[in-house]
Amino acid sequence: MDIETYAGQSRLSHKILRWMVQNKILNNPLSGTDLMGLQLIEKIWGRREILRAQLCQFSKKRRQQLIDSADLKTKWERYAYSRLSNLEKGERLPLKKLFDEVEITFGFILNRAHKARLYRVRRRVYNERNQLLKSGKAEA
């Protein structure tokens, strides 16, 4: 069975399965041993006990960063989010410069939809920063 077929019937996404193949954790097509291992992973996938044990290895700041960027699906979106989040107070990053950084770093030309996504990421970062300021949790 190949990973595309398996992804259609599994809790594990095609992206995760491709990552496992790319990192030589699995073979494509899947062997009997691969299938047994995947069945084990599916049994524990998303369990609080397992997640808690994994997350406790990270600092509180790193855990919060993972939560904040968990819904960003691509590396370039997470890069942009991180780049914008880490700006010092009063520092600005023009989106044109960010577009160029993303294109150079990730090796592709941003289309209109990609740029629109980056505008939304920027808005999200600014909104989160303003929420922190209003709640008094950020440094003044």
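Now for a description of the structure that goes with this document.

Calculation notes
Residue positions within a chain follow its written sequence, with the count starting from 1. Selection of residues for local features in this predicted model requires a pLDDT of at least 70, selection of side-chain atom pairs for listing and counting requires 80 or more, and totals for whole chains, interfaces and linings are taken over all residues. To get the side-chain values, take all heavy atoms of the structure and skip hydrogens and water. To form a nonpolar core, buried Ala, Val, Leu, Ile, Met, Phe, Trp, Tyr and Cys residues must be joined to one another through side-chain atoms within 4.5 Å. Categorising residues by exposure relies on relative accessible area from a 1.4 Å probe, with only protein chains included: less than 20% of the type maximum marks a residue as buried, more than 50% marks it as exposed, and the intermediate range marks it as partly exposed. The helix count covers DSSP runs of H or I at least four residues long, the strand count covers runs of E at least two residues long, and both are numbered beginning at the N terminus. Every residue pair with non-hydrogen atoms within 4.5 Å of one another is taken to be in contact. The salt bridge criterion pairs a side-chain nitrogen of Lys or Arg with a carboxyl oxygen of Asp or Glu, the two atoms within 4 Å. Note on ring pairs: Phe, Tyr and Trp rings are taken, using the six-membered ring of Trp, and paired if centres are within 6.5 Å. Classes follow the plane angle, with under 30 degrees stacked, over 60 edge-to-face and the rest tilted. For a helix, the expected span equals 1.5 Å multiplied by the residue count minus one. Patch criteria: residues need more than 30% relative accessible area and no salt bridge. Like-charged residues are merged within 9 Å; nonpolar side chains of Val, Leu, Ile, Met, Phe, Trp and Tyr are merged within 5 Å. The accessible surface values rely on the Shrake-Rupley method and a 1.4 Å probe; as for residues, cover is taken only from the protein chains in view.

1. Thoughts on the nonpolar core
So, step 1. Ranked by internal contacts, the top residues of the largest apolar core, which has 16 residues, are L84, L98, V102, L110, L118 and V121.
So, step 2. Elements with a minimum of two residues in this core: α6 (75-85), α7 (95-106) and α8 (112-135).
So, step 3. Filtering out sequence-adjacent residues up to four positions away, V121 remains in contact with L72, E77, A80, Y81 and L84.
So, step 4. In terms of nonpolar packing, the next biggest core, distinct from the first, is built from 9 residues, I3, Y6, L12 and M20 among them.

2. Here we look at the pattern of salt bridges
So, step 1. According to the stated counting rule, one finds 5 salt bridges in the structure shown.
So, step 2. Between R124 and D71 there is a salt bridge, with the nearest N and O atoms lying 2.9 Å from each other. With R124 in helix α8 and D71 in the loop between α5 (60-69) and α6, this pair connects stretches of sequence that are 53 residues apart.
So, step 3. Through salt bridges that share partners, D71, R124 and E128 make up one connected network.

3. What to know about the packing of aromatic side chains
So, step 1. Taken as a whole and judged by the stated rule, the model has 3 aromatic pairs.
So, step 2. Centre to centre, the rings of Y79 and F106 are 5.7 Å apart; their planes meet at 75 degrees, and the pair counts as edge-to-face. You can see Y79 sitting in helix α6 and its partner F106 sitting in helix α7, a full 27 residues away along the chain.
So, step 3. In this structure Y79 comes out as partly exposed when scored by relative accessible area, which is 26%.
So, step 4. When its relative accessible area of 30% is taken as the criterion, F106 is described as partly exposed.

4. Focus: the environment of Y126
So, step 1. One can find Y126 in helix α8.
So, step 2. On the basis of relative accessibility, which here comes to 15%, the residue Y126 falls in the buried class.
So, step 3. Sequence separation between Y126 and M20 is 106 residues, and the spatial gap between their C-alpha atoms is 35 Å.

5. Here's the deal with helix α3 (residues 32-44)
So, step 1. Taking 1.5 Å of rise per residue, the 13 residues of α3 would be expected to cover 18 Å, and the 19 Å separating its terminal C-alpha atoms lies within 8% of that figure.
So, step 2. Tucked inside the fold, the buried residues of α3 contact α1 (3-8) and α2 (14-22).
So, step 3. Phi for G46, located one or two positions after α3, is positive at around 80 degrees.

6. Things to note about a nonpolar patch on the surface
So, step 1. On the surface, a cluster of nonpolar side chains totalling about 290 Å² of accessible area is made up of L51, L55, F58 and L66.
So, step 2. Structurally, the position occupied by L66 is in helix α5.

So, to be careful, I would describe these as geometric facts and stop short of saying anything about function.
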